[in-house]
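Tertiary structure, described
As a plain string of letters, each chain reads:
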Amino acid sequence: MTNKDILTSYVYKLVASLYQAGVIDVVVSPGSRSTPLAYAFAHSEEFQMYRQIDERSAAFLALGLAKASGRPVVLLCTSGSAAANYFPAIVEAKLSRVPLIVLTADRPHELREVGAPQSIAQTNLYGNQVKWAVDFPIPDEFPNTLPFIERHIARAVAIAETAPAGPVHVNVPLREPLLIDFQEQLPEVSFTASIIQELQPNEHAMNVLEAAIENAQKGIVIFGEITQTTDFETIWNFIRHLKWPVLVESLSQLRANVPDDCAEYIIDQYDALLKNETFITVANLDTVIRFGAQPVSKPLMQFLTKVHPQTYLVVDEDPMFRDSLAVTTHHIQATVGRWLDDVTITTAHTDQTYVQAWIEANDIATRHVKFYLHEASDEGALAATLFEHLPEHSDLFASSSMPIRDVDTFFNKTKKDVLIFSNRGANGIDGVVSTAIGTQLATKRDSYLLIGDLAFLHDSNGLIASRYQTCEITIVVMNNDGGGIFSYLSQSTVEEHYEELFGTPSGLQFADLAKMYDAQYEVVETKEELIQVVEAQKEKALRIIEVMTNRSENVQSHRRLWDSIGKELDEKWQA
């Protein structure tokens, strides 16, 4: 065999093994050393290939694809610093449990650590931020090389998918010359399948959960972020039989598609309610059952720490369970699945007055939020206006900082079909544009990104993806000229150096950026203008709506809303 034959067989065996393991989406950042792999993916009709020349943005694009589809996505780059640019997205994928297959092409072993160009130490580059890493052998004629490739690719995909999901790193050293012969069909793979079993609670765990429900007098359920592949009808069945207050994070996907017979138990205003000391007293409880990730809401976290429930049971897929509050009393390692249908629910001890208190308080807060939507004109009211006018069967991606908090406050439960996404693993503002584009490419639905001006600037290179594939997305930029979230934090009480270190105004607007990417562009200042442009027919796939807001006004308006909710709660329960 010639060197070209050996390289062709090696590369196509790797690519075919990925397809055999169920991978179909590939994000490629072009480069020299990865040429053979890029050629094989591009020439194989079995794969959907996406391109993004900026590696940092490419990694977040892959993150969005995997987050929305629930399937592992391949991420391919050349050797050297290209691989280092993947790091922020890999950190997010690890923390938010998103399956990525990171393929980094590398120099052969004889060119490592000898000053060869475009060469860095790539083995174990990502440390413990990946679930597993492997350095592949160089392409050769040794009989066991290709079987090794087959089985280790299957292993990599299985590890990425196994709960808790996450990224894996496959480092692939390749010698020049880097050209291959194109093949019209993928070769056969002798390794058939790696079968992954769903994590279900055993009999003892079921007994513990059922006892927690039966013994509870004042209990709540919390749903944090859960995966898109979850059987949501099973969750709704659990809620309708349990009839407890259910505090749902926006990323739980339980604020939308809400059935009529579950709606009253869905508590979506808990963040505002738990800012009020009177209601905190009313809400004192003995039992909490949490599914999925920890809640983001700071008032909820403080409440749980303060009351320290007698029973705090967490159902999570990882034995390294998420409990930064140190209040968990029981942990059941399981994914949220159909086993919930088998839970025997006995609620004879449930205090119905307590349940009604949560329902009534949520109704009070909702009424104030709806009044605020129609009367206020700040950034929160503009965000709420966007949420109210999202079309049926659409997706919303919320940036970190203020956008996700506005979603928590103003995205009320609805019958509409709206999926909500965000990067809440590391809670960073990097890669938001790219991740949102990735989710849209996966769902192929009408998609909206709510983002602040600084986060938009941080990943404006993400828009490069729109030059290589159609990205049907509307980007709503809340431009308050700086970091709005800091206005709510203690830093805002110290005037000296606040603007230069935390407010960080740039004075930039985005009309020219929109023009550069041939995007439809509108700038608005009022709710009426926002409604008009959101409901108008899109003229181009990529649309940017810049909403001009004021940081100071936004803080004052939010606090007035919380005060008005708190005042009515005081009047009701202090009487």
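First things first, this report covers the structure right here in the doc. (Residues numbered from 1 in each chain as written. Predicted model: local features only at pLDDT ≥ 70, side-chain atom pairs only at ≥ 80, totals over all residues. Heavy atoms only, no water.)

This part takes up the pattern of salt bridges. As enumerated under the stated definition, the model contains 25 salt bridges in all. Lysine 4 is the salt-bridge partner of aspartate 181, the closest N and O atoms lying 3.2 Å from each other. Placement of the pair is aspartate 181 in the loop between strand 6 (167-173) and helix 7 (203-215) and lysine 4 in helix 1 (residues 3-20), with a sequence separation of 177 residues. A salt bridge links arginine 338 to aspartate 231, with the shortest nitrogen-to-oxygen separation between them at 3.2 Å. (Salt bridge = Lys/Arg side-chain N within 4 Å of Asp/Glu carboxyl O. Helix = DSSP H or I, 4+ residues; strand = E, 2+ residues; numbered from the N terminus.)

Summarising the element assignment, aspartate 395 is placed in strand 13 (residues 394-398). Within the structure, the side chain of aspartate 395 is placed 2.9 Å from the side chain of arginine 445, a separation counted as a polar contact. Apart from residues no more than four positions distant in its own chain, aspartate 395 is found in contact with Leu419, Phe421, Thr443, Arg445, Asp446, Ser447 and Tyr448. (Polar contact = N/O pair within 3.5 Å; in protein donor to acceptor, adjacent residues only side chain to side chain. Contact = heavy atoms within 4.5 Å.)

We now examine the pairing of strand 16 (residues 473-479). For strand 16, the buried fraction is high: seven of the seven residues fall into the buried class. Residues Ile473, Ile475, Val477 and Asn479 point to one face of strand 16 and Thr474, Val476 and Met478 to the other, with burial holding for every one of them. Pairing of strand 15 (residues 446-452) with strand 16, which is carried by six bridges, proceeds in the parallel orientation. From the neighbouring strand, serine 447 faces strand 16, where its bridge partner is isoleucine 473. In the classification by handedness, the crossover that spans strand 15, the intervening helix 16 (residues 453-458) and the parallel strand 16 is right-handed. Of the pairings in the sheet, the one linking strand 16 to strand 18 (residues 542-548) comprises seven bridges and is parallel in character. Among the inter-strand pairings, valine 477 is bridged to a residue of strand 18, identified as glutamate 546. (Buried < 20%, exposed > 50% of the residue type's maximum accessible area, 1.4 Å probe, protein only. Pairing = 2+ DSSP bridges. Right-handed = clockwise from strand over helix to strand, strands pointing away.)

Below, the discussion takes up the sheet that holds strand 9 (residues 266-267). One open sheet holds the six strands; their spatial order is 9-8-7-10-11-12, and the pairing between them is parallel. Only two strands of the sheet have a single partner each, and these edge strands are strand 9 and strand 12 (330-333). Of the strand pairs in this sheet, strand 11 (residues 311-316) and strand 12 are connected by four bridges, and their pairing is parallel. Looking at the pairing, aspartate 316 lines up with glutamine 333 of strand 12.

For the rest of this paragraph, the subject is helix 1. Counted at 1.5 Å a residue, the expected span for helix 1 with its 18 residues is 26 Å, and the 26 Å between its end C-alpha atoms agrees. When helix 1 is considered as a whole, its buried residues turn out to be Ile6, Leu7, Thr8, Tyr10, Val11, Tyr12, Lys13, Leu14, Val15, Ala16, Ser17 and Leu18. Against helix 2 (35-43), strand 3 (73-77), strand 4 (100-106), helix 6 (145-161) and strand 6 lie the buried residues of helix 1. (Expected span 1.5 Å × (residues − 1).)

Before going further, it helps to examine the packing of aromatic side chains. Per the counting criterion, the structure on display carries twelve aromatic pairs. Ring geometry for tyrosine 39 versus phenylalanine 182: centroids 5.2 Å apart, planes at 85°, classification edge-to-face. Remark: phenylalanine 182 occurs in the loop between strand 6 and helix 7 and tyrosine 39 occurs in helix 2; sequence separation between them is 143 residues. A relative accessible area of 35% means that tyrosine 39 is categorised as partly exposed. On the basis of relative accessibility, which here comes to 43%, the residue phenylalanine 182 falls in the partly exposed class. Judged by centre distance (4.8 Å) and plane angle (10°), the ring pair of phenylalanine 223 and phenylalanine 291 falls under stacked. Placement of the pair is phenylalanine 223 in strand 7 (residues 219-223) and phenylalanine 291 in strand 10 (residues 287-291), with a sequence separation of 68 residues. Accessibility expressed as a relative area gives 0% for phenylalanine 291, which makes it buried. An aromatic cluster is defined as three or more aromatic residues linked by ring pairs; in this entry it consists of Tyr19, Phe41 and Phe47. Lysine 275 extends its terminal NZ or CZ atom over the ring of tryptophan 562, reaching a point 4.2 Å from the ring centre. (Phe/Tyr/Trp six-rings, centres within 6.5 Å; stacked < 30°, edge-to-face > 60°. Lys NZ or Arg CZ within 6 Å of the ring centre and 35° of its normal.)

Core analysis: the largest hydrophobic core is formed by 62 residues, its most contacted members being Leu273, Phe303, Trp358, Leu386, Phe387, Leu396 and Leu530. Looking at this core element by element, the count peaks at eight residues for helix 12 (residues 352-375). Look past the residues within four positions of phenylalanine 303 in its chain and what remains in contact with it is Leu274, Ile280, Ala283, Asn284 and Leu285. Counting residues in hydrophobic clusters, the runner-up holds 50 residues, among them Ala82, Tyr86, Cys471 and Leu542. (Core = buried A, V, L, I, M, F, W, Y, C linked by side-chain atoms within 4.5 Å.)

Our next topic: the packing of helix 3 (residues 55-69) against helix 15 (residues 432-443). Packing of helix 3 against helix 15 leaves a shortest axis separation of 6 Å and a crossing angle of 40°. One element, helix 3, and the other, helix 15, form an angle in the oblique class. Two packed elements cross with a definite hand, and for helix 3 against helix 15 that hand is right-handed. Of helix 15, the residues touching helix 3 (which contributes Ser57, Phe60, Leu61, Leu63, Gly64, Leu65, Lys67, Ala68 and Ser69) are Ser434, Thr435, Ile437, Gly438, Thr439, Leu441, Ala442 and Thr443. A breakdown of the residues in the contact of helix 3 with helix 15 according to their chemical character gives eight nonpolar, eight polar and one charged. (Axes fitted to C-alpha atoms, helices over the stretch in contact; angles between N-to-C directions. Parallel < 35°, antiparallel > 145°, perpendicular 65-115°, else oblique. Left-handed = near helix turned anticlockwise from the far one by under 90°. Nonpolar A, V, L, I, M, F, W, Y, C, P; charged D, E, K, R; others polar.)

Moving on to the environment of lysine 4. Its relative accessible area of 35% is what places lysine 4 among the partly exposed residues. Placed 176 residues apart in sequence, lysine 4 and isoleucine 180 show a C-alpha to C-alpha distance of 5.7 Å. Excluding residues that lie within four positions of it along the chain, lysine 4 makes contacts with Leu179, Ile180 and Asp181.

Geometrically, the link from alanine 163 to proline 164 is a cis peptide bond, its omega value of -5° lying close to zero. If you trace the backbone, proline 164 turns up in the loop between helix 6 and strand 6. One non-glycine residue, glutamine 253, lies in positive phi territory at about 65°. Positionally, glutamine 253 belongs in the loop between strand 8 (246-248) and strand 9. Positive phi outside glycine occurs at asparagine 427, with the angle close to 60°. Along the chain, asparagine 427 falls in the loop between strand 14 (418-421) and helix 15.

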